[in-house]
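# Geometric and topological summary
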Amino acid sequence: MRVNIKFTAKGKAAIENFNNEELLEIFARYIKTLTKKYDIEVDIPLEVNQNIVNDGTLVAMAQNVNCDVDTFFKELSRDIKVPLKKRLGGKLENVFKTEFIE
């Protein structure tokens, strides 16, 4: 399953403070932590995530999904706010919305 993680306006403003490699590393770290709690495998393919800030979207591939995928990504959105808020400063609402493509 392909998952398009589309950043909101505030999310885009927050990710502009990071380079592509930092964003990939942050998402990989938080996804790895959450997969210990949820029965799902999520990969972030490098070839389609070359310029996350300009695209405003990060693409993830989910497989072996044995949990509520929507809940997984909602929790990921909440967790991702932590490093983004540190660099942006201030309050951050929803960072991204997810679009699931079978």
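Everything below is about the structure shown above.
Anyway, here's the lowdown on the structure attached to this text. None of the values given here were measured: they were computed from a predicted structure.

### Regarding the environment of Asn-51
- Turning to its location among the elements, Asn-51 is positioned in the loop between strand S2 (41–43) and helix H3 (52–55).
- Along the primary structure Asn-51 and Leu-84 are separated by 33 residues, whereas in three dimensions their C-alpha atoms are 17 Å apart.
- Of the polar contacts made by the side chain of Asn-51, one reaches the backbone nitrogen of Asn-54; its length is 3.4 Å.

### Examining the pattern of salt bridges
- Scanning the entire structure with this criterion turns up eight salt bridges.
- The salt bridge involving Glu-75 is made with Lys-37; its shortest N-O contact spans 3.1 Å. Of the two residues, Glu-75 sits in helix H4 (residues 69–88) while Lys-37 sits in the loop between helix H2 (20–34) and S2, which places them 38 residues apart along the sequence.
- For Lys-37, a relative accessible area of 58% corresponds to the exposed category.
- Between Arg-78 and Glu-75 there is a salt bridge, with the nearest N and O atoms lying 3.7 Å from each other. With Arg-78 and Glu-75 both in helix H4 and three residues apart, the pair spans about one turn of that helix.

### Here's the deal with the sheet that holds strand S1 (residues 2–7)
- The antiparallel open sheet is built from four strands, whose spatial order is S2-S3-S1-S4. With one partner strand each, in any of the chains shown, S2 and strand S4 (96–101) form the two edges of the open sheet. Across the sheet, the mean angle from the axis of one strand to that of its neighbour is 30 degrees, orientation sign disregarded.
- Relative to S4, S1 is paired through six bridges, and the arrangement is antiparallel. Paired with Phe-7 across the bridge in S4 is Phe-96.

### Things to note about the side chain of Thr-8
- Among the secondary structure elements, Thr-8 is positioned in the loop between S1 and helix H1 (9–15).
- Among the residues examined, Thr-8 registers a relative accessible area of 16% and is labelled buried.
- Those residues in contact with Thr-8 that lie beyond four places of it in its chain are Asn-94, Val-95, Phe-96 and Lys-97.

Reading guide: rules and limits
- Residues numbered from 1 in each chain as written.
- Predicted model: local features only at pLDDT ≥ 70, side-chain atom pairs only at ≥ 80, totals over all residues.
- Heavy atoms only, no water.
- Helix = DSSP H or I, 4+ residues; strand = E, 2+ residues; numbered from the N terminus.
- Polar contact = N/O pair within 3.5 Å; in protein donor to acceptor, adjacent residues only side chain to side chain.
- Salt bridge = Lys/Arg side-chain N within 4 Å of Asp/Glu carboxyl O.
- Buried < 20%, exposed > 50% of the residue type's maximum accessible area, 1.4 Å probe, protein only.
- Pairing = 2+ DSSP bridges.
- Axes fitted to C-alpha atoms, helices over the stretch in contact; angles between N-to-C directions.
- Contact = heavy atoms within 4.5 Å.

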